[in-house]
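What the coordinates show
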Amino acid sequence: MSPAPTASLPTDRRIAAPLLAWYDRHARALPWRVSPSDRRKGVRPDPYHVWLSEIMLQQTTVRAVKSYFDAFVSRWPAVTDLASAETDEVMKAWAGLGYYSRARNLKKCADHVAGELGGAFPETEDGLRALPGIGPYTAAAIAAIAFDVPAAVVDGNIERVFSRLHEIETPLPAAKSEIGKLVGTQTPDDRPGDFAQALMDLGATICTPKRPACALCPLEELCEARVSGLQENYPVKAAKKAKPVRKGAAFVAERKDGAVLLVKRPDKGLLGGMAGLPTTNWTVRGDGETGAGAAPFVADWRHTGIISHVFTHFELRLEVFHAVVTGGEEYPGWWSSRDSLPGEALPTVMKKALASAFPDRF
């Protein structure tokens, strides 16, 4: 049964003590995290590291993010270093993480913090939310983890934990507000950042989507779904709508020396500012032209296959065409050599198109 409206609930922080005790013993070692033992020694989280990791982790897994995080902080150790970087270099370093608007906003945010705020991140949720690319969740996470603000942090793992703790029948995403209020009632004033990270770790390692390890959970006796034996029924999720399919074509023009023609995509829109192959004008809302006749210039185009890539709101299917050209004519974009092509800021969908044309190289 769903809990009563949060406004009528007393502040209930029963879960903080057992959860934090568990976290002290079992916290994941993550490159951006200050461990509980180090926190007790007075080590403070670096707000730059917290911010960078939270932006990278949006809609991406911890496993995927670790190597990118290490590469970024090695190359740009402080937010001022990132602000001094060329945007194209940041986009190249981001390539493969997906959701490229995050990378553009990452650079904008670094520029603002370095230029307008003297290199110091705001310490309040409101101040953080005013920065480019930082929404309510990210602001709460940075405020709690970096600055010990008792903010209600709610990511996908925490939604699952609280849905089970309180047997919340409201389907996600409609239940987000209800869960956020409940998290707020139970977030302690002491160690709110560790509390948030403990919930994240609990959801990632114990309270997993399938076959949760309830016998190892420090909150087992407080969990309503566990008592009912219905833990795998939560969270309740609304039925997913079928994603629309968009169509288009991509053109792989190769010089005789193996260089490939690339173009910069428009700054606005999906994959904005990224390097890519010439394609037809597909969008989130409509198809692009298909067939060799839609190519940007005349060549002996050969069909090499159809690739599919799933974005957040739609599936894209691109016909891929390949042609070897002399390279003497004027073409839009630039030629990327065989050696430099793997280092270009190419999104995954473009790499799939290249793999269709060059199965032995990608």
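Rules used in this analysis
- Residues numbered from 1 in each chain as written.
- Predicted model: local features only at pLDDT ≥ 70, side-chain atom pairs only at ≥ 80, totals over all residues.
- Heavy atoms only, no water.
- Helix = DSSP H or I, 4+ residues; strand = E, 2+ residues; numbered from the N terminus.
- Buried < 20%, exposed > 50% of the residue type's maximum accessible area, 1.4 Å probe, protein only.
- Contact = heavy atoms within 4.5 Å.
- Lys, Arg positive; Asp, Glu negative; His and termini not counted.
- Charge placed at Lys NZ, Arg CZ, Asp CG, Glu CD.
- 1 Å grid on protein atoms, 1.4 Å probe; cavity = no way out; pocket = protein on both sides within 12 Å on 5 of 7 lines; lining within 4 Å.
- Points joined across faces, edges and corners; volume = space filled by probe spheres on them.
- Nonpolar A, V, L, I, M, F, W, Y, C, P; charged D, E, K, R; others polar.
- Phe/Tyr/Trp six-rings, centres within 6.5 Å; stacked < 30°, edge-to-face > 60°.
- Pairing = 2+ DSSP bridges.

1. Comments concerning the overall build of the protein chain
Of the regular secondary structure elements, the protein chain holds 14 helices and six strands. A principal-axis box enclosing the C-alpha atoms of the protein chain has dimensions of 75 × 45 × 35 Å. Split into buried and exposed, the 362 residues of the protein chain put 48% on the buried side. A separation threshold of at least 6 residues defines the contact pool for the protein chain, and within that pool the share at least 24 residues apart is 69%. The averaged location of the 42 negative side-chain charges in the protein chain is 4 Å from the averaged location of its 44 positive side-chain charges.

2. As for the layout of surface pockets
Of the volumes computed, that of the largest pocket is approximately 1,600 Å³. Every residue lining the largest pocket is counted, 46 residues in all, and those nearest its centre are Q59, D155, G156, E159 and K176. Looking at the lining of the largest pocket, the elements that each hand over two or more residues are α3 (47-57), α9 (136-147), α10 (156-165), α11 (176-186) and α12 (192-205). Element by element, the count of residues in the lining of the largest pocket is highest for α10, at five residues. For the lining of the largest pocket, a count of residues per class yields 19 nonpolar, 14 polar and 13 charged. Of the voids in this model, the second largest pocket is the one considered here, and its volume is about 580 Å³. Along the wall of the second largest pocket there are 24 residues; nearest its centre are G98, Y99, L270, F311 and T312. Broken down by secondary-structure element, the contributors of at least two residues to the lining of the second largest pocket are α7 (101-116), β4 (302-310) and α14 (348-357). Sort the elements by how many residues they give to the lining of the second largest pocket and α7 lands first, with three residues.

3. Remarks on the environment of L277
Within the fold, L277 resides in the loop between β3 (275-276) and β4. Taking the C-alpha atoms as reference points, L277 and V260, separated by 17 residues in sequence, lie 8.6 Å from one another. Ignoring sequence-local partners within four residues, the contact set of L277 consists of F251, V252, V260, L261, L262, V263, M350, A353 and L354.

4. Details of empty space enclosed by the protein
Applying the stated criterion across every chain yields a total of two cavities of 30 Å³ or more. One number sums up the size of the largest cavity: a volume of about 120 Å³. Around the largest cavity, the lining is made up of 14 residues, and of these R164, C207, C214, C217 and C223 lie nearest the centre. With three residues, the top contributor of residues to the lining of the largest cavity is α10. Taken together, the residues of the lining of the largest cavity break down into 10 nonpolar, one polar and three charged.

5. Concerning the packing of aromatic side chains
Inspection of every chain in the model, using the stated rule, returns 13 aromatic pairs. Centre to centre, the rings of W32 and F69 are 5.3 Å apart; their planes meet at 75°, and the pair counts as edge-to-face. Highlighted residues: W32 in the loop between α1 (16-26) and α2 (36-40) and F69 in helix α4 (residues 62-75), separated in sequence by 37 residues. Taking relative accessible area as the criterion, W32 reaches 9% and is therefore assigned buried. In this structure F69 comes out as buried when scored by relative accessible area, which is 1%. Clustering of aromatic rings is evident, with ring pairs tying together F251, F297, W301, F321, Y331 and W335.

6. Overview of the pairing of strand β2 (residues 260-264)
Counting buried positions along β2 yields four of five residues, so the element is predominantly enclosed. Two strands pair when backbone bridges link them, and β2 and strand β6 (residues 334-336) are joined in this way by three bridges, in the antiparallel orientation. Across the sheet, residue L261 finds its bridge partner in β6, namely W335. Here β2 pairs with β3 via two bridges, running antiparallel. Residue K264 lies in a different strand from β3, and its bridge partner there is A275.

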